[in-house]
Structure formats: C-alpha cells, structure tokens
Amino acid sequence: MRMEENRVSFEPKLLGFLCNWCSYAGADLAGVSRIQYPPNMRVIRVMCSGRVDPEFVIQALELGIDGVYVMGCHIGDCHYLDGNYEAIRKFDMTKKFLSFVGLDNRIRLDWVSASEGVRFGEVVSKFVEDIKALGPSPLSGDTPDQELLEKVKAIREAVSSNRMRALVGRQRKITEEENVYGEKVPEEEFDVLMDQAIKEEYDRHRILLALEKDSKSVKDLGIELNLDPSIVLEHTLTLKSRSQVDFQKIIGNTPIFMRI
Amino acid sequence: MEKVSKSALVIGGGIAGIQAALDLADMGIHVDMVEKKPCIGGRMAQLDKTFPTNDCSICILAPKLSECYRHPNITLYSYSEVQKVEGSAGNFSAEILKRARYIKEEECINCGLCVEKCPMRVEDEFDRELRKRRAIYIYYLQGVPAIMTIDKEKCLWFTKNACRICEKTCEREAIDFEQEDQIIKLENIGSIIVATGYSLIEDIDKDVLKNYGYGKFRNVVSALEFERLECASGPQGGHIKRFSDGKTPKKIAFLQCIGSRSDRVEKYCSSICCMYTTKEAMIAYEHDNELESYVFYIDMRAGGKGFQSFLRRGAAEYNIKYIKSKIAQITVDEKENPIIIYEDLDNDKITQLKVDLVVLATCIVPPQGIDNLAEILGIELNDYNFIKTTPFIPVETSKNGVFTCGCVHEPMDIPRSVAEASGAAAKAAEIIRGG
Amino acid sequence: MSEERNEEEIRVGVFVCHCGSNIGGVIDCKKLAEEVRNFPDVAYTEDNLYTCSENGLAAIKKAVEEHKLNRVVVASCTPRTHEPLFRECISEAGLNPYLFNFVNIRDQCTWVHMKHPEEAYDKAKDLIKMGAAKAVKLEPLDMIMVNINPAALVIGGGVAGMSAALSLSRQGFKTYIVEKEDKLGGRLNSLHKLFPYDIEATEFVGKIINNVKNAQNLEVITSSRVINIEGFIGNYEVEIDQNGNIRKLEVGAIIVAVGSSLLNPQGLFGYDGIKRITQYELEPKLKNKDLKAKEVVMIQCAGSRNDERPYCSSVCCMTALKNALTIKELNPDIHVTILFRDLYTPGTSYEEYYRKAREQGVLFVKYDEDRMPNVEENQVKVFNEYIGDEMIIAYDLLVLSTPLVANSDNKDLAQLLKVPLEANGFFLEAHVKLRPNDFATDGVYIGGSAKWPVDITETISQGYAAASRASTILSHETIEVEGATSILPEYNKSLCTGCEVCIKVCPYNAIKKNENDEIEIIQALCKGCGLCAATCTNKALVIRHFTDDQILSEIYAYGGE
C-alpha cells in the first residue's frame with residue numbers, strides 16, 4: 001500500500017555534494033551504525049567542499065532537481081586547511097543569486113564530521129522534510145516553468161562569469177590583506193560590492209540570453225525582462241564594452257543589439 | 001639510500017605508536033607493530049574532540065589508522081602482545097603472542113550480521129562500560145582493522161558449549177572456533193619503540209575516587225566517561241544525560257587533580273586535564289547553551305600553543321567559571337544532585353555548590369602491565385613507574401636501542417606525543433641505518 | 001578536451017556486489033546488474049556475491065580482457081576502504097588505475113534504507129548511472145615522480161637545530177647548519193643550569209657542539225643568513241650570505257630551528273637592570289656566585305598572559321624554581337618569594353621540582369591578573385588571595401620572569417619559505433595536533449622554540465622529530481605523489497588571465513608564476529583539493545579526476561540532460 005501513498009505524496013529528488021574527509025565519512029558511519037534516513041538524496045563525492053563550483057549547484061536546479069546539499073568538514077577541521085571557507089564564499093554567492101528567483105531555500109550548506117553518523121541522518125531527513133514542505137521545484141517534471149528556466153540559465157552563466165568568479169576568488173585577499181596603498185576593504189563594504197555585482201550580473205546575463213534568441217532594442221529588452229530601460233541601456237553598454245554584445249543595426253534612432 | 005634489512009618493532013598502536021610507525025615506514029624501514037587491543041587507535045579514538053582546535057578526534061585520526069594498516073612497510077599485529085625480547089641494539093629478536101580472534105581475518109568484512117544475532121551482552125570496554133556490546137564485536141565502529149573479534153571469556157560457545165549462532169549467520173564463513181593463539185617470532189629488529197600509553201586511576205584503583213563519590217553516586221562520572229557521552233557515536237549519541245534520571249544536566253562541576261598532585265595518591269601532575277576539561281565544558285555548552293560549567297582547580301596549566309586563548313574563550317564565550325579551590329567533600333541531595341563542598345581560595349570560605357553532574361579529571365597512571373613489559377624489554381622504570389628516560393632526551397630509555405614516546409614515560413598531550421613519536425623514530429632509524 | 005584523448009570506444013564494465021546479504025538482502029543485485037547494462041557506454045555488467053573476494057577480482061580481470069573493457073565501475077561498500085584494492089585489480093588487468101570508479105551502494109544505500117528496498121533499488125540504480133557517466137569521462141593518470149636530493153639544511157644552530165642535524169647526519173644524509181651567530185649553542189650559551197637535573201648548561205651544550213664538530217656529513221656555516229630560497233620538496237636551492245660571501249646550497253629538505261628571543265623588559269615593574277632584573281640577567285650572577293641580595297622576589301608572567309602577549313611562555317615557572325633553588329643552595333638564609341598566577345610545572349619531575357622548592361623554603365604567593373603586584377623602591381605590595389589582604393614583601397633584588405618572544409626576523413624567513421606565522425609571530429605548523437613539526441608545505445619542517453616556547457627536553461625531542469619528518473622524504477631517491485592533481489592544460493593556457501586568484505587560494509603554495517610569467521602548478525606540492533579549479537576566474541585550471549566535465553556528467557546522469 002506504501003506505493004499507493006507514494007504516488008500521491010511528493011518525493012523530492014535531491015543531490016548532495018560531500019567532501020571526502022568528513023561528510024562522506026560521516027555518511028558512511030551512518031551506514032555502519034544502520035541509521036535509517038529517507039532515500040531521496042544522491043551523493044557526488046568531491047575531495048573538498050570548496051571544490052563545489054557554483055555552476056554545479058545551479059546546473060542541478062536547472063535540471064529540475066528539487067534541492068542541493070553541500071557538506072564539508074566543520075570549520076577548523078578542513079583536511080585542506082581552509083577549503084570550507086572557500087565553500088562558504090561560493091555558496092553565499094550562489095544563494096544570493098537564487099534569491100532573485102525564489103530558489104535560494106532549495107540549497108543548503110552544512111558541516112558533518114566523520115563521527116556524526118547520526119547527525120548525517122538527521123540533517124538529510126530535515127532537508128527532505130523541508131523540501132517536501134516547499135513542494136516540487138517549478139523546474140521539475142515534464143513542463144518546467146520556461147520563464148524561470150531562462151532566469152536560472154542566466155544565473156548559471158552569471159556565476160560562471162569572470163567578474164563573479166574573480167570577486168569570490170579575491171574576497172579573502174581584498175578583505176584580509178592590505179593593497180599596495182595600505183588599504184583594506186572591510187567585510188561589510190565588500191558585501192555591498194558583492195550584492196551590487198550579483199544584481200548587475202544577473203540582469204546582464206538575462207539580457208545576454210534574451211539577445212541570444214534574436215536581436216532587440218533596449219526598450220523591447222526592458223519590456224521582456226521587466227527592467228527599467230535606463231538600467232537596460234547601462235548594462236547593454238557595459239556588455240558592449242566587454243565585447244559581449246554589439247549594434248546589429250539602427251532602426252530610426254533606435255539601436256538594435258545582438259549577442260556576439 | 002640503499003635498502004635496509006633491519007626492521008623496527010613498535011609496541012602500542014595509539015597515536016604515538018602510529019606516528020612512530022608511519023615515520024619509520026615512510027623512511028623505507030619495515031615496522032612490526034604490536035597492539036594489545038583488537039583495533040589500533042588507542043585513547044585518541046575514544047575522544048570526541050581534541051583541544052585547542054576542537055577538531056573531531058576520529059576525523060583526524062581515521063586517515064592515519066588506515067594509512068598504518070595499508071602501509072606496505074608496516075605489519076600490524078593487533079590483539080597481540082610482546083612476550084619475549086632478546087638481543088641488543090641493532091639486533092633484537094622478539095616473540096609475539098597473537099591471540100585468536102576466532103575470525104578469519106581475510107574473510108571478515110565487518111558487515112555486522114553476526115553482532116546482531118549474538119545473544120551475549122557484555123560490558124563495552126571501549127565505551128568505558130557505559131553500554132553493552134556483544135560477545136562477537138568490533139572494538140569500535142571506525143576501528144582498524146575493521147574486523148570482528150570473539151570475546152572468548154564471554155562467548156556462549158566457549159563458556160557453555162552452546163550457541164554458535166554467529167557461525168550460522170556469517171555469509172563469508174569467517175567464524176573459526178578452532179583458531180588458536182599463535183606465537184610469532186621476529187628477527188633482525190634494529191630498534192624498539194615503546195608507546196603503550198597510559199591507564200587512568202579508576203582502571204587500577206576505584207577506591208581512590210570514592211571520596212569524590214565515584215562509583216557511589218550515579219551523577220559522578222570520570223572525564224573519559226564524559227568524553228564518550230559527548231561523542232556523537234558514543235553511548236548516548238552525543239546527547240548528555242544523567243544516569244539517575246536521564247535529564248540533561250544544566251550545571252556541571254569539573255573537578256581537577258583527582259588523584260594527581262596529591263599526597264595520598266599520585267604526587268605528579270597529569271598535564272592534560274586543565275585543557276581537556278575546558279574542551280569538554282565547551283563541547284557540552286555547544287550541545288546546550290543554557291549550561292553552566294564550574295571548573296574547580298589548583299593551578300590552570302595551559303602552556304601549549306593557543307592554550308591560554310582557549311581558556312580565555314572558555315570563560316568568555318562558553319559560560320565556564322574557574323574556581324581556585326580545594327574540594328572538601330561531595331555528597332548528594334535526595335534527587336541525587338551532587339553537592340560540592342569546597343574551600344574557595346579566593347575568599348577562604350567553605351562554600352557549597354549544588355550541580356546536576358560532576359566530572360572528575362582523574363589521574364593518568366602508567367599503563368597496566370608496564371612492569372611486565374619493562375622486564376621483558378630490560379628497561380628501567382622511574383619512581384612513578386613510568387618508563388625512565390635519559391635526562392633531556394625523553395625518547396631514550398635505559399637500554400640502548402629501546403626508545404619510547406608519549407604517556408608511557410610522562411603524562412603529556414597529543415602534539416607532544418606525536419612530536420616525541422617522530423623523535424623516537426629518528427633515533428630508531430639512526431641505529432637501523434648503522435649510524 | 002577531446003583533442004588529447006584517443007578516440008577509442010569507451011567500454012564501461014559495471015560490477016554489482018551483493019556483499020552477501022548486506023546489499024543483496026535488500027535489493028535485487030542481479031536485476032540491477034542487468035538493468036544498468038542499458039546505460040550509455042556500458043559494455044558489460046555482472047553481479048558478484050563478493051566483488052572484493054578472489055573470485056570477484058578474477059571476474060573483473062577476466063571481463064576486462066574478454067570484453068575489452070577500458071573503464072571499470074564497482075558498486076559496493078565504500079571507496080574509503082576498498083578503492084585501493086580495485087584500483088590495484090584493474091591495474092593488474094592492464095588498465096590505468098584511475099580508470100576505476102567506485103559507487104557506494106552499501107554504506108550509503110542498503111544499510112541506511114533497509115526498510116525501503118524499492119527506493120534503495122532506485123537510488124542504487126541512479127548512483128550507478130552517475131558513476132558510470134563519470135567513468136566514461138575518466139582519464140588515465142600517472143603518479144607523479146619527484147627526484148629527491150638527499151641533503152638537508154637546518155636553519156639555526158641552537159640545541160633544536162643541532163639535535164636535528166646530528167640525527168640526520170647519523171642517518172647518512174649530508175646536512176648543513178646555518179647559524180647567524182659566530183658560534184653554535186644558541187640560548188644555552190647564556191644559561192647557568194638546566195632544570196630539572198641541575199646540569200651546567202655550557203657543559204651540556206658543549207658536549208652537543210663537540211658531537212656536531214665530530215659528525216660526518218655535517219657542515220656548520222656560522223655568521224651566516226639565508227637570503228633566498230627557490231624550489232620545492234626534494235629540490236631546494238638556498239642562498240646563504242656568510243659575512244658578505246654568497247654561497248649556494250642544494251638540499252632536499254629544510255628544517256627551521258631558529259629559536260626565540262628575549263622580551264625587552266623596559267617598563268615592566270620598574271625594571272632597571274640592576275636591582276630589578278630578569279631571570280636571564282640573574283643566571284650569570286648565579287653562575288659567578290655573585291649574589292649580594294638577601295631578599296629576592298620573583299614575579300612570574302611578567303609581560304605575558306596579558307592582552308598584548310596572551311600566551312604562557314611555559315618555561316618561566318621552571319626557570320624561576322631553578323634559580324630559586326640555586327639561590328637557596330648558595331645561601332639557605334636568602335629569602336626567596338615567587339609571586340605567581342598559576343604555577344606551570346606539568347608532569348612528574350617538574351611537579352617534584354616544585355615540591356622541592358617548597359621544601360627548601362621558597363615562598364609562593366599567588367596574585368591575580370586583575371590586581372597586579374605593585375613594585376616600589378624596596379618592597380612589593382601584592383594582594384594575596386589566601387589571606388584576603390595586601391601583603392608587603394621587602395626586596396633587595398627583584399627578578400622578572402619574562403616570556404620568550406618570537407624573533408623579529410621570523411617574518412622574513414617565513415616569506416622566503418612561504419610558510420605562515422601565528423598571531424604572536426611564532427611559526428605556524430601544519431596542524432597543531434597531528435603535524436606538530438611539519439609545515440603545510442611539504443619538505444619544510446620545524447622544531448623547538450621557533451614554533452612555541454618549550455624547555456630543553458621538548459626542544460631536543462622536537463629537533464629529532466623534525467629530523468624524522470625530513471628523513472621520510474630524504475630516504476628516497478624519488479617519491480611518488482598523487483596523480484589526481486590540478487593542472488593548467490596546454491589547450492587551456494589561452495584562457496588563463498594571470499589573475500593569480502589560484503595562487504592565493506591554494507593552501508599548499510603549489511601554484512606560482514614561472515619565469516615566463518605563466519601559471520605553473522608544482523605537481524609535487526598539489527594535494528588535489530580542487531579549490532583552484534573551482535575558483536579559477538576563467539576556468540582554465542583543471543582538477544584531474546574531479547574535473548568539471550566529470551562532475552557535470554554525474555549531475556546530468558541524475559538530472560537528465
């Protein structure tokens with residue numbers, strides 16, 4: 001009869017990235033201790049939680065996976081000294097991007113040690129429960145939400161962009177070390193910069209995607225993407241300076257842009 | 001470097017023995033490692049976390065365990081003891097008693113089916129007898145080698161000629177009741193390293209702790225017992241509960257120098273208790289932010305790297321109060337709440353404090369069996385029955401070619417044990433390489 | 001990517017292990033093995049009762065040969081215990097060991113979903129699908145071989161450095177000691193006696209210096225400094241400046257044993273160097289039996305365990321006890337009072353020493369950090385907790401137990417070696433618990449007070465420890481390091497913008513810019529964590545065995561492309 005129930009109740013499809021040294025060992029210990037937890041999550045083993053590229057997380061969501069869990073060693077326990085700090089930086093950025101499309105609560109970062117077999121079972125159970133409460137991802141199933149899919153695609157491209165990767169990669173250097181002029185950017189100031197960059201790159205990559213299908217004017221882009229035309233214009237000019245878009249033609253006084 | 005034909009014998013498979021063995025093996029020297037218990041790992045495997053980083057103990061130990069087990073230059077004799085040693089530096093020979101596990105080592109895959117079926121429940125030594133294991137068991141879950149052992153003293157087959165359920169359950173036919181103890185002869189040993197660690201005062205003399213209510217009151221536990229209670233894979237799954245009523249303690253007293261720095265018991269300082277007590281209190285606080293901890297101490301001994309800031313953090317962020325004091329007595333009220341009567345050295349008054357749980361930082365003592373081992377090896381012990389070492393050269397024993405490291409010659413923390421283990425390996429290598 | 005790869009047909013073999021009933025008792029392994037045969041590029045599958053048994057391993061080898069398999073997947077217990085075994089097995093079957101992939105369907109599947117066999121079956125199937133998809137993308141990798149120069153450099157000729165150097169030379173390695181002073185011995189040259197054995201320091205260190213002088217393979221270079229270090233584990237080139245003469249040494253390992261410095265006591269408790277001196281200034285007086293004082297007061301933690309220097313210097317209590325006992329030996333009528341906060345005499349012999357000092361009539365008065373002793377011209381006022389009142393203690397000699405501090409030039413050496421310092425300026429080891437004498441950078445080791453204040457006994461054992469760690473490298477002509485490292489492939493070179501984010505993020509200093517200003521990964525140092533690849537701003541770096549391509553293929557296999 002269980003099968004009958006299963007057909008009606010939603011069983012989320014989850015993906016977990018586990019670091020080799022702590023979380024994966026913790027998951028194994030759950031097994032050795034015969035801890036029972038729901039079978040919804042599939043695991044990809046990585047050497048370090050800091051290896052998890054934001055692109056992986058977004059790609060999984062784009063494919064309709066209902067939730068993604070990244071697990072690493074507790075802070076201070078990292079086998080690679082401070083790889084889990086890198087994981088935090090990447091994860092935080094990813095989450096901020098996803099908040100634009102309401103998918104941010106479908107990803108989670110947590111630390112599970114090699115002795116926390118019970119806890120591994122607990123956190124996975126909790127994740128399953130929480131995602132169940134959220135319901136299926138709008139990108140899952142045979143008819144995913146196309147508009148949302150476009151946005152998530154834009155996010156995937158944005159997290160992979162040189163600017164975002166450089167910001168995340170340099171965060172530590174910028175906030176912890178002085179530059180040649182003896183200046184250091186405080187954590188809070190950096191956060192402001194980061195938030196701004198996230199917003200900009202999200203919009204820019206949406207513009208790029210929109211221009212991929214066909215060439216458009218700033219005004220049409222604004223309507224399509226529900227953005228203020230002045231912002232669209234600003235972004236488009238930036239993209240032009242980055243050689244990512246160019247004028248295709250000018251109709252009347254209106255320039256038509258295309259993606260390069 | 002040319003191949004060396006002499007090997008090293010490492011006695012003891014705790015963190016010190018493991019480090020010494022790994023260093024030697026990585027130098028290309030063959031090592032025979034002898035561990036009395038069914039699995040290597042020693043005390044460190046019993047710890048939940050380690051100070052001052054509060055690293056998860058098994059997380060950082062486990063890779064070393066498997067490295068040790070798999071290393072092509074290390075032969076591990078677990079559940080074994082050294083029975084005889086002859087010869088001199090550069091050319092020792094030894095006899096090892098390899099006790100029968102009644103398990104075919106190469107067949108057992110640690111699946112645990114036999115454990116589920118075994119009807120005999122036995123006090124679990126690894127968990128300080130805070131829970132039961134079966135007569136067929138793995139010493140601890142993450143233990144290496146990851147194979148079962150049958151406890152001959154407790155197994156129904158050996159005691160009553162009945163049962164053998166494990167044999168029927170095992171799909172690998174790994175159970176072998178016919179197995180016998182073996183004597184293994186090792187020749188051509190260049191150097192020997194003794195790293196058999198320590199025992200705790202409660203292991204050899206529980207009476208000493210009676211004054212502190214240990215064994216008398218259910219809510220008085222030893223520090224190592226508390227460590228197991230804190231551990232996520234321990235007997236309470238990491239949720240600390242009192243033994244009297246299963247309630248989570250909100251007020252814990254940690255008593256220092258129990259048996260150490262004492263005229264009645266041991267005169268020396270156990271070196272590690274001030275630090276692990278703070279760690280235990282911190283971890284307990286992390287489990288429950290309403291917890292109040294009281295540490296009753298004589299001198300706070302925190303000389304190692306990062307130790308002082310660790311104590312400061314304990315006081316500032318983990319609700320730990322340090323009380324310089326002398327404990328007069330411990331009693332309990334009708335609800336079995338321990339009451340500590342002490343002389344507060346800050347105001348010279350006799351004061352009382354009622355708590356939910358008492359944790360005793362019990363004294364480190366030389367490991368059980370040290371006299372016998374010292375006799376076998378022909379090495380001297382010091383006034384305290386630890387291994388006697390050369391002044392300023394803590395890894396040298398009274399016998400040329402026999403080295404030591406870790407708590408078997410002096411109470412010390414893990415970093416110092418590990419450093420000494422490497423140091424002992426260097427000295428052992430000098431002899432093996434004919435230097 | 002594919003330009004490098006042979007366009008051979010990928011043929012994956014999948015072996016599903018029953019593990020007796022551990023897996024087989026929960027899910028139908030036979031059916032599973034049949035079903036996974038339909039996955040892309042899977043050429044062969046079978047189920048085994050125990051894939052890890054001799055039969056199972058033989059079955060893998062046979063199938064590799066008969067079915068021309070070039071990728072092998074085993075679905076069984078956990079890679080943490082069994083991956084090495086299967087890698088070896090396919091290696092024996094003639095395949096590169098990195099063409100193996102492990103799928104965990106026991107520890108993380110049948111054992112944890114025993115009551116949900118159908119879901120466990122589906123999970124196992126997905127996991128195998130993902131594992132096979134990754135296997136398709138796997139590439140053969142070779143272990144990396146690094147040549148080792150069997151020589152060592154020990155920086156610092158104190159007791160730590162000499163102990164390390166003596167052990168290495170006795171083990172047969174060419175060893176150099178570089179000492180900045182004009183003679184060996186370090187701090188011990190200026191001490192009187194050594195606790196707790198009351199041996200003359202100069203006599204003790206003299207013996208060690210003699211051993212060094214008589215040692216084979218051991219060269220001492222005094223009055224010299226290290227000015228440049230190039231290279232990596234096994235292959236360092238070090239430049240030494242000896243009184244203006246530059247000399248180059250080639251070594252395989254480096255040991256840092258530069259010791260520590262004394263705190264400048266100016267401004268502490270009225271220090272004047274005459275009536276109010278430090279323990280280190282007291283030592284020569286005791287040595288020359290030149291002590292006129294009748295009332296000696298010592299203050300512990302003078303300049304330590306405060307906000308500026310929060311640490312305990314760990315040797316000062318014993319030093320004070322030693323000097324107090326020496327004074328009592330010179331003249332039992334001299335009063336010695338030690339003002340302390342927590343007396344640090346851990347272990348057996350030190351605690352005994354403390355008792356001895358009490359028995360000899362040394363007076364101990366505890367003071368609190370919040371109520372520091374007030375030093376006046378001829379007396380000290382200290383609040384005593386035992387009596388709950390202020391005590392006035394007269395003195396004609398005040399001795400400050402000042403801490404050892406980090407050398408001011410540690411920073412320069414740290415930069416040359418690319419190793420870190422901790423907040424107080426001491427060197428920071430790889431792991432405070434389990435790697436006390438290693439740096440995170442392979443091939444560089446540490447011992448003695450350069451890392452943290454320690455007594456002679458610990459200094460010597462740490463010197464030996466550093467020697468042992470170095471010997472694990474120097475004992476080999478070549479060492480093999482993990483092949484699953486990060487690389488900048490030729491075909492990705494144009495992607496690298498030279499932004500250096502990877503250099504910053506690498507925990508092991510394995511990435512540098514070479515003479516052509518190109519990013520280069522020192523394979524010998526890379527541990528394969530993949531932080532650089534995940535961070536590389538233009539995705540130019542590739543972390544082998546966990547490539548983007550491989551991980552994405554797992555994601556696609558699960559999510560559906």
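Residues numbered from 1 in each chain as written. Chains lettered and ligands numbered in written order. Predicted model: local features only at pLDDT ≥ 70, side-chain atom pairs only at ≥ 80, totals over all residues. Heavy atoms only, no water.

## A short note on the overall build of chain C
Helices and strands together make up the secondary structure of chain C, namely 16 helices and 30 strands. Overall, the C-alpha framework of chain C stretches about 95 × 60 × 45 Å when taken along its three principal axes. Within chain C, the fraction of its 561 residues that count as buried is 61%. The long-range share in chain C, meaning contacts at least 24 apart out of those at least 6 apart in sequence, stands at 69%. Treating the 60 positive side-chain charges of chain C as one cloud and the 79 negative ones as another, the clouds have centres 4 Å apart. (Helix = DSSP H or I, 4+ residues; strand = E, 2+ residues; numbered from the N terminus. Buried < 20%, exposed > 50% of the residue type's maximum accessible area, 1.4 Å probe, protein only. Contact = heavy atoms within 4.5 Å. Lys, Arg positive; Asp, Glu negative; His and termini not counted. Charge placed at Lys NZ, Arg CZ, Asp CG, Glu CD.)

## Points about the interface of chain A and chain C
At the interface, 56 residues of chain A touch 55 residues of chain C. At the boundary of chain A with chain C, total buried surface from both sides reaches about 4900 Å², with 56% on carbon and sulfur atoms. Among the residues chain A hides against chain C, the three largest losses belong to Arg42(A), Arg51(A) and Arg165(A). Together they make up 15% of the total. Inspection of the chain A/chain C interface yields 5 salt bridges. Between Asp126(C) and Arg42(A) there is a salt bridge, and its shortest N-O distance comes to 2.8 Å. Counting every contact that joins chain A to chain C gives 26 residue pairs in polar contact (both at pLDDT 80 or more). Elements supplying a minimum of two residues to the side of chain A that touches chain C: helix 1 (2-8), strand 1 (14-19), helix 2 (23-32), strand 2 (41-46), helix 3 (54-62), helix 4 (83-99) and helix 7 (162-176) of chain A. The element that contributes the greatest number of residues to the side of chain A that touches chain C is helix 2 of chain A, accounting for 7 residues. (Buried area = accessible area lost by both parts, 1.4 Å probe. Salt bridge = Lys/Arg side-chain N within 4 Å of Asp/Glu carboxyl O. Polar contact = N/O pair within 3.5 Å; in protein donor to acceptor, adjacent residues only side chain to side chain.)

## Quick notes on the pattern of salt bridges
As enumerated under the stated definition, the model contains 96 salt bridges over all chains in all. Here Arg128(B) and Glu202(B) are joined by a salt bridge, their closest N and O atoms 3.5 Å apart. Highlighted residues: Arg128(B) in the loop between strand 8 (121-123) and strand 9 (132-134) and Glu202(B) in helix 7 (residues 201-204), separated in sequence by 74 residues. Pair check on accessibility: Arg128(B) and Glu202(B) agree, each one buried. Lys305(B) is the salt-bridge partner of Glu429(C), the closest N and O atoms lying 2.6 Å from each other. Of this pair, Glu429(C) sits in the loop between helix 12 (410-417) and strand 25 (444-446) while Lys305(B) sits in the loop between strand 16 (292-297) and helix 10 (307-317), which puts the two residues in different chains. Across the pair, exposure class does not vary: Glu429(C) and Lys305(B) are buried alike. One network of salt bridges, in which partners are shared, links Asp82(A), Glu86(A), Arg89(A), Lys90(A) and Arg172(A).

## Focus on helix 10 (residues 229-241) of chain A
All names here are of chain A. Here helix 10 is 13 residues long and its end C-alpha atoms lie 18 Å apart, about the 18 Å a rise of 1.5 Å per residue gives. Listing the buried residues of helix 10 in full gives Val232, His235, Thr236 and Leu239. End-on view of helix 10: buried residues confined to an arc of 100°, all on one side of the axis. Facing away from the buried side of helix 10 by over 90 degrees, the exposed positions are Glu234 and Ser241. Those residues of helix 10 hidden inside the fold are in contact with helix 8 (187-213), helix 9 (218-225), strand 6 (245-251) and strand 7 (254-259). Directly after helix 10, the chain includes Ser243, whose backbone phi takes a positive value near 60°. (Expected span 1.5 Å × (residues − 1). Arc of directions from axis to C-beta.)

## Structural notes on the sheet that holds strand 16 (residues 276-278) of chain C
All names here are of chain C. Strand order in the open sheet formed by 5 strands is 16-23-17-18-19, with parallel pairing between adjacent strands. Two strands in the sheet have a free side with no partner beyond their single neighbour: strand 16 and strand 19 (363-366). Adjacent strand axes in the sheet meet at a mean angle of 25° when their direction is disregarded. Where strand 17 (residues 295-299) and strand 18 (residues 335-340) come together, 5 bridges link them in parallel fashion. Counterpart to Met298 in the pairing with strand 18 is Ile338. Contacting strand 16, strand 17 and strand 23 (397-400), helix 9 (residues 279-287) runs over the sheet at an angle of about 90° to strand 16. The strands that helix 10 (residues 316-330) touches are strand 17, strand 18 and strand 19; relative to strand 18, the one it contacts most, it runs at about 170°. (Pairing = 2+ DSSP bridges. Axes fitted to C-alpha atoms, helices over the stretch in contact; angles between N-to-C directions.)

## Brief notes about the interface of chain C and chain B
Taken residue by residue, the interface counts 75 residues in chain C and 69 residues in chain B. Summing both sides of the interface, chain C and chain B together bury roughly 5800 Å²; the carbon and sulfur share of this comes to 54%. Considering only the surface of chain C that becomes buried against chain B, Thr348(C), Lys433(C) and Leu434(C) emerge as the three largest contributors, covering 14% of it. If you look at where chain C meets chain B, you find 9 salt bridges. As a salt-bridge pair, Arg301(B) and Glu351(C) come within 2.7 Å of each other at their nearest N and O atoms.

## Details of the pairing of strand 7 (residues 174-178) of chain C
Residue and element names in this part refer to chain C. Most of strand 7 sits out of view: 4 of its 5 residues are buried. When strand 6 (residues 151-155) meets strand 7, the two strands line up parallel, connected through 5 bridges. The residue of strand 7 that forms the bridge with Leu153 is Tyr176. Taken together, strand 6, helix 7 (residues 159-170) and strand 7 constitute a β-α-β crossover, and its handedness is right-handed. Relative to strand 10 (residues 218-221), strand 7 runs parallel, the two sharing 4 bridges. Its bridge partner lying in strand 10, Val178 is registered against Ile221. (Right-handed = clockwise from strand over helix to strand, strands pointing away.)

## Things to note about the nonpolar core
Formed by 299 residues in total, the largest nonpolar core has its most connected members in Phe17(A), Leu24(B), Leu255(B) and Ile555(C). Excluding its chain neighbours within four sequence positions, the residues that come into contact with Leu255(B) are Tyr212(B), Phe296(B), Ile327(B), Ile330(B), Ile340(B), Val358(B), Val359(B), Leu360(B) and Ala361(B). Among the nonpolar cores identified, the runner-up in size contains 30 residues, and Leu286(C), Cys312(C), Tyr344(C) and Tyr353(C) belong to it. (Core = buried A, V, L, I, M, F, W, Y, C linked by side-chain atoms within 4.5 Å.)

## Remarks on the domain arrangement of chain C
Residue and element names in this part refer to chain C. Here the domain parsing of chain C yields domain 1 (12-141), domain 2 (151-260 + 406-479), domain 3 (262-404) and domain 4 (483-544). The centre of domain 2, based on its C-alpha atoms, is set 31 Å off from the matching centre of domain 4. In this complex, domain 2 contributes 6 residues to the contact, which on the side of domain 4 involves 7 residues. With both sides pooled, the region where domain 2 packs onto domain 4 buries about 590 Å², and carbon together with sulfur makes up 61% of that total. For domain 2, the biggest contributors to the area lost against domain 4 are Phe232, Ala440 and Asp442; these three give 56% of the whole. The interface formed by domain 2 and domain 4 includes 1 salt bridge. Across the pair Asp442 and Lys527 runs a salt bridge, and its minimum N-O distance is 2.6 Å. Applying the counting criterion to the domain 2 and domain 4 interface returns 3 residue pairs in polar contact (both at pLDDT 80 or more). (Domains from an automatic or database assignment.)

## Re the packing of helix 10 of chain C against helix 11 (residues 348-359) of chain C
Residues and elements named next belong to chain C. The N-to-C vectors of helix 10 and helix 11 enclose an angle of 40°; their axes lie 10 Å apart at closest approach. Regarding the angle of helix 10 to helix 11, the classification is oblique. Read as a crossing pair, helix 10 and helix 11 show a hand that is left-handed. Mapping the contact onto sequence places Met318, Leu321, Lys322 and Leu325 in helix 10 and Tyr350, Tyr353, Tyr354, Lys356 and Ala357 in helix 11. (Parallel < 35°, antiparallel > 145°, perpendicular 65-115°, else oblique. Left-handed = near helix turned anticlockwise from the far one by under 90°.)

## A word on the side chain of Ser57(B)
Residues and elements named next belong to chain B. Inspection of the secondary structure puts Ser57 in helix 3 (residues 57-70). In this structure the side chain of Ser57 is engaged in a polar contact, spanning 2.7 Å, whose partner is the backbone oxygen of Met44. When near neighbours in sequence (up to four residues on either side) are disregarded, Ser57 contacts Met44, Leu47, Asp48, Lys49 and Thr50.

## Here we look at unusual backbone geometry
For the bond running from Phe51(B) to Pro52(B), omega is -5°, close enough to zero to count as cis. Residue Phe195(C) is joined to Pro196(C) through a cis peptide bond whose omega torsion reads -10°. For Pro196(C), the position within the fold is in the loop between strand 8 (193-194) and strand 9 (199-200). With phi around 60°, Asn319(B) is a residue other than glycine that occupies positive phi space. Within the secondary structure, Asn319(B) is located in the loop between helix 10 and strand 17 (320-332). Classification of Asn319(B) by relative accessible area gives partly exposed; the value is 30%.

## Notes on helix 9 of chain C
Residues and elements named next belong to chain C. Listing the buried residues of helix 9 in full gives Gln279, Tyr280, Leu282, Glu283 and Leu286. The buried residues of helix 9 occupy an angular sector of 150° when projected down its axis, which confines them to one face. At the C-terminal side of helix 9, Lys289 shows a positive phi close to 50°.

## A few points about the packing of aromatic side chains
This structure, assessed with the given rule, holds 34 aromatic pairs over all chains. When the centroid spacing of 5.4 Å and the interplanar angle of 85° are considered together, the rings of Tyr268(B) and Tyr384(B) count as edge-to-face. Residue Tyr268(B) is found in the loop between strand 15 (251-258) and helix 9 (273-287), and its partner Tyr384(B) is found in the loop between helix 11 (370-377) and strand 22 (389-390); the two are separated by 116 residues along the sequence. Of the two residues examined, Tyr268(B) and Tyr384(B), each falls in the buried class. Their ring planes at 75° and their centres at 6.1 Å tell us that Phe100(C) and Phe102(C) sit as a pair that is edge-to-face. Pair check on accessibility: Phe100(C) and Phe102(C) agree, each one buried. In this structure an aromatic cluster arises from ring pairing among Tyr102(B), Trp157(B), Phe158(B) and Phe177(B). Just above the ring of Phe51(B) sits the side chain of Lys433(C); from NZ or CZ to the centre is 3.8 Å. (Phe/Tyr/Trp six-rings, centres within 6.5 Å; stacked < 30°, edge-to-face > 60°. Lys NZ or Arg CZ within 6 Å of the ring centre and 35° of its normal.)

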